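# Observations on the three-dimensional arrangement
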Amino acid sequence: MAEMMYWEAVRRAHDEEMARDPLVICMGEDVGVVGGTYKATSGLYDKYGPERVIDTPIAEGGYTGLGIGASFLGVRPIIELMSVNFAWLAMDQIFNSAAKVRYMSGGQLEAPVVIRSPGGCAHQLGAQHSARMEKVFMGIAGLRVVTPSNPRQAYGMLKSAVRCNDPVFINEHELMYNMKGEVPDEEYFHPLEGSEVTRQGKDITLFGYNISVHWCLEAADELAKEGIEAEVIDLYSLSPLDRAGIAASVSKTHRAIIVEEAEAPVGVGAEVMAIINEACFFELDAAPVRVSARNVPIPFNRTLEKAALPNPAEVVAAARRMLGR
Amino acid sequence: MNTDDKKRLLREMLFARRFEERCYEAYMERKIGGFLHLYPGQEACALGVMEAARPGHDYVITGYRDHIHAIKCGADPKAVMAELFAKESGCSKGRGGSMHIFDTAHRFMGGYALVGGPFPLAAGMAKAIQLKGGDEIAICFLGDAANNQGSYHESLNMAALWKLPVLYITENNLYGIGTRIDRSTAVKDQYKRACSYGIPAEQADGQDIEAVYHAAKVAVDHVRSGKGPYLLELLTYRYRGHSMSDANAYRCKDEEKEWGKRDPLIILRDQLIAAGAIGEDDYHAIDKAVIDEIEQEIIPFSENAPEPDVAELERYVLAENDPWVRPAAGGQQ
Ligand SMILES: Cc1ncc(C[n+]2csc(CCOP(=O)(O)OP(=O)(O)O)c2C)c(N)n1
Ligand SMILES: [Mg+2]
């Protein structure tokens, strides 16, 4: 198993799928000649040509809709939205066309399109480049939402998403493209549903997804020093959420903290709490807690920005409180 | 277009008119619910363009005023009416409704309710055709008011840039619901807007099916020969309100009267009578045959068709048993 960076893993998935199937294409702003803002499509333009590696105009609604229309006829577009903040401009097509066409056609038509985009907060990008939009996509019936927390998932999920017949939104992260991790040398397909037990524990469950999995792991290391064994669950599929996996872990540890980079209202944490209530309320020894971003547009000032976002220390503090330490 | 073609088209147009009028009645009887947008007045547009194209072979997409487009592509009128009746036998299994008629077997790729939504979808279908190397074209029918959406401009730009085999039809009926075109749109002639993207465009009389056909033939040939997109504007008028919930109080009676004189059905009928191809009696005989078909076959079929099963409410949200959702290799689930 080789180590590779997250962007290399995404790139490899593109390359393998495009080599396999001439109807797999990729498109987006600067994905071709430039090779992608985060290099996720680098080298593909020279290899597959401008017909299949398409530099689009800056018209998110237009080219997302175009990709969806192409998918009606069996093309498998991988659309890169340069930043998830720009996804709002494509939302009509994602929401009204891709996610609904199977249903409103009575199962006749489908939109097997992959839309991938970096979300999350990087460093001082300001309010309009720091959105965390997973909560928006999760609420759309007919759309799958996954969010890889490491290069292995990034590679394997894109491979599965390209082949899956549903529209899939892949929520990546601005800060994670240079993260290194092991990726199988042989071809590998990651599930688009479920969750992963990233670290076993018996005292408390820390639920994370994407970057917050890493905050949970850091917090778990810290808690281990105090003799607290935290379990870390990676909710790599946000839609659908893994009800069984969530309930299994809470039934084991009886305590739950959900760690999300986004603001709390109408978010992943709220949804996981609801699932816990519905699925395993009587297993709880303490009320579940969310560690979330503050509900503000992300400020430019570095100190304010840091204060707006959750961090591992907050997770540790929340766990201690929950365990009465 | 020879006389036999025109006679056939007269029947198709009469059918379209009677079909839509019957929808109106069924709505009043509360057999059809929801939004219902009817086509009388504009029949020559869909029928004339598709006469010049290859129905069932070319990919067609449109807005919510979609029944006749679907039928001309080859959809079974019984399945269309059953869809309006929200039945399981409807072409969209009762999940779509009037605004979402689909028949992919005949390459009618759907009616969409968001004004302007189909523009990029059509460009995308054209991109797929280009990649696959087929001789089909994509045809997108939308209204005049849709041209003010950003999606129109984004799509025309991409279609021209990549020389996509897509034909855009603007059915200019002068209104977007109650707002007249001169109150919403800086450019009166819609075909002129295509020139900002270097797309060839033409304007034609949308009430005369022969004029539509000839203009569409040029357009279709252009697109099919690989020269890139084309835009055809058809000047037309709807004889009813925007939808069933529209009181239609905003149009002046003189305007309605003037356009009433240019009824596409009457124009075609009179052409055929003047040419001696049919007589008044023939016209009435065709009309009766059409009404009989609707009353004796289409309506009973739709009324007797089964309701969807509530147990299947959650079907068609996602693909069923898709192997790539939980692939054998990998993951811990
Ligand atoms: C995005 C969007 N905005 C508004 C509406 C409401 N609406 C439905 S039809 C319509 C008018 C469209 O007029 P036009 O495109 O000329 O088509 P016509 O109805 O005349 O055939 C409006 C405003 C909608 N369905 N979608
Ligand atoms: Mg109009």
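Residues numbered from 1 in each chain as written. Chains lettered and ligands numbered in written order. Predicted model: local features only at pLDDT ≥ 70, side-chain atom pairs only at ≥ 80, totals over all residues.

## Some words on the overall build of chain A
Per the secondary structure count, chain A includes 12 helices and 14 strands. The C-alpha radius of gyration of chain A comes to 20 Å, within 12% of the 20 Å expected for a compact globule of 325 residues. Principal-axis analysis of the C-alpha atoms places the extent of chain A at approximately 60 × 45 × 40 Å. Here chain A holds 325 residues, and 61% of them are scored as buried. (Helix = DSSP H or I, 4+ residues; strand = E, 2+ residues; numbered from the N terminus. Rg over C-alpha atoms; globule rule 2.2 N^0.38 Å. Buried ≥ 20, exposed ≤ 12 C-beta atoms within 10 Å, placed from the backbone.)

## Some remarks on the overall build of chain B
Helix and strand counts for chain B stand at 11 helices and eight strands. Rg of the C-alpha trace for chain B: 20 Å, near the compact-globule value of 20 Å for 333 residues, within the 12% margin. Seen through its C-alpha atoms, chain B measures out along the principal axes to roughly 75 × 50 × 40 Å. Within chain B, buried positions represent 51% of all 333 residues. For chain B, restricting intrachain contacts to residue pairs at least 6 apart in sequence, the fraction spanning at least 24 positions comes to 74%. (Contact = placed C-beta atoms within 7 Å.)

## Considerations on the site of ligand 1
Residue and element names in this part refer to chain B. Residues in close proximity to ligand 1 total 14 residues, the closest being Val115, Gly143, Ala145, Ala146 and Gly176. For the shell around ligand 1, the secondary structure elements donating two or more residues are strand E3 (138-143) and strand E5 (175-176). Taken together, the residues of the shell around ligand 1 sort by class into eight nonpolar, four polar and two charged. (Near = placed C-beta within 6 Å. Nonpolar A, V, L, I, M, F, W, Y, C, P; charged D, E, K, R; others polar.)

## So, helix H7 (residues 151-163) of chain A
When the terminal C-alpha atoms of H7 of chain A are compared, their 19 Å separation across 13 residues agrees well with the 18 Å that a helix rising 1.5 Å per residue should span. Taking burial as the measure, the 13 residues of H7 of chain A include 13 buried ones, the bulk of the element. (Expected span 1.5 Å × (residues − 1).)

## Remarks on the domain arrangement of chain A
Bring the parts together and some accessible area is lost; that lost area is often taken as the interface size. Split by domain assignment, chain A resolves into domain 1 (2-183) and domain 2 (196-322). Elements that contribute at least two residues to the side of domain 1 of chain A that touches domain 2 of chain A include exactly helix H6 (134-138), strand E6 (144-146) and strand E7 (168-173) of chain A. (Domains from an automatic or database assignment.)

## Notes on the nonpolar core
Counting 193 residues, the largest nonpolar core has Met125 and Val166 of chain B as its most contacted members. By residue number, the principal contributor to this core is helix H1 (residues 3-28) of chain B, which donates nine residues. For this core, the two domains that each supply at least three residues are domain 1 (2-183) and domain 2 (196-322) of chain A. Filtering out sequence-adjacent residues up to four positions away, Met125 of chain B remains in contact with Gly69, Ala70, Phe72 and Leu73 of chain A together with Tyr59, Met109 and Ala138 of chain B. (Core = buried A, V, L, I, M, F, W, Y, C linked by C-beta atoms within 7 Å.)

## Observations concerning the interface of chain A and chain B
Each side of the interface is counted separately: chain A has 48 residues, and chain B has 41 residues. Looking at the side of chain A that touches chain B, the elements that each hand over two or more residues are helix H3 (60-72), helix H4 (91-98), helix H5 (101-104), H7 and strand E9 (196-199) of chain A. The greatest single-element share of the side of chain A that touches chain B, amounting to 10 residues, is contributed by H3 of chain A. Residue classes in the side of chain A that touches chain B are distributed as 21 nonpolar, 19 polar and eight charged.

## Digging into the environment of Ile291 of chain B
Residue and element names in this part refer to chain B. With respect to the helices and strands, Ile291 occurs in helix H11 (residues 280-304). Residue class for Ile291 comes out partly exposed when judged on the 16 C-beta atoms lying within 10 Å of it. A sequence separation of 247 residues divides Ile291 from Ala44, and the C-alpha atoms of the two residues are 19 Å apart.

## Some words on the sheet that holds E3 of chain B
Residue and element names in this part refer to chain B. Spatial strand order, E2-E1-E3-E4-E8-E7: six strands in an open sheet with parallel pairing. Every other strand in the sheet has two partners, leaving strand E2 (108-111) and strand E7 (201-205) as the edge strands with one partner each. With strand direction ignored, the average angle separating the axes of adjacent strands in the sheet is 15 degrees. Across five bridges, E7 lies against strand E8 (residues 230-235) in parallel orientation. Its bridge partner being in E8, Ala201 is matched across the sheet by Leu231. In the packing of helix H2 (residues 43-52) onto the sheet, contacts are made with E3, strand E4 (166-172) and E8, and the angle to E4 comes to roughly 160 degrees. (Pairing = 2+ DSSP bridges. Axes fitted to C-alpha atoms, helices over the stretch in contact; angles between N-to-C directions.)

## Observations concerning the confidence of the model for chain A
Of the residues in chain A, 100% have a pLDDT of 70 or more, and the chain-wide mean is 98. When mean pLDDT is compared element by element in chain A, strand E10 (residues 204-208) of chain A scores highest at 99, while strand E1 (residues 2-5) of chain A scores lowest at 96. (pLDDT = per-residue confidence, 0-100.)

## Observations concerning unusual backbone geometry
The amide bond that connects Ser239 of chain A to the next residue, Pro240 of chain A, takes the cis arrangement and shows omega of 0 degrees. Within the element layout of this structure, Pro240 of chain A appears in the loop between strand E12 (237-239) and helix H9 (243-253). If you check the backbone angles, Gln124 of chain A has positive phi at about 60 degrees while not being a glycine. Judged by C-beta crowding, with 14 C-beta atoms within 10 Å, Gln124 of chain A ranks as partly exposed. In this structure, Lys93 of chain B takes a positive phi of about 60 degrees despite not being glycine. Mapped onto the secondary structure, Lys93 of chain B falls in the loop between helix H4 (77-84) and E2. The buried category is assigned to Lys93 of chain B, around which 24 C-beta atoms lie within 10 Å.

## Quick word on the pairing of E4 of chain B
The two faces of a sheet get side chains in turn, since along a regular strand they alternate between them. Residue and element names in this part refer to chain B. When you tally the buried positions in E4, you get seven out of seven residues, the bulk of the element. The side-chain alternation of E4 yields two buried faces, one formed by Val166, Tyr168, Thr170 and Asn172 and the other by Leu167, Ile169 and Glu171. Across six bridges, E3 lies against E4 in parallel orientation. Bridge pairing links Ala138 to Val166 in E4. Regarding topology, helix H6 (residues 150-161) serves as the crossover connection from E3 to the parallel E4, and that connection is right-handed. (Right-handed = clockwise from strand over helix to strand, strands pointing away.)

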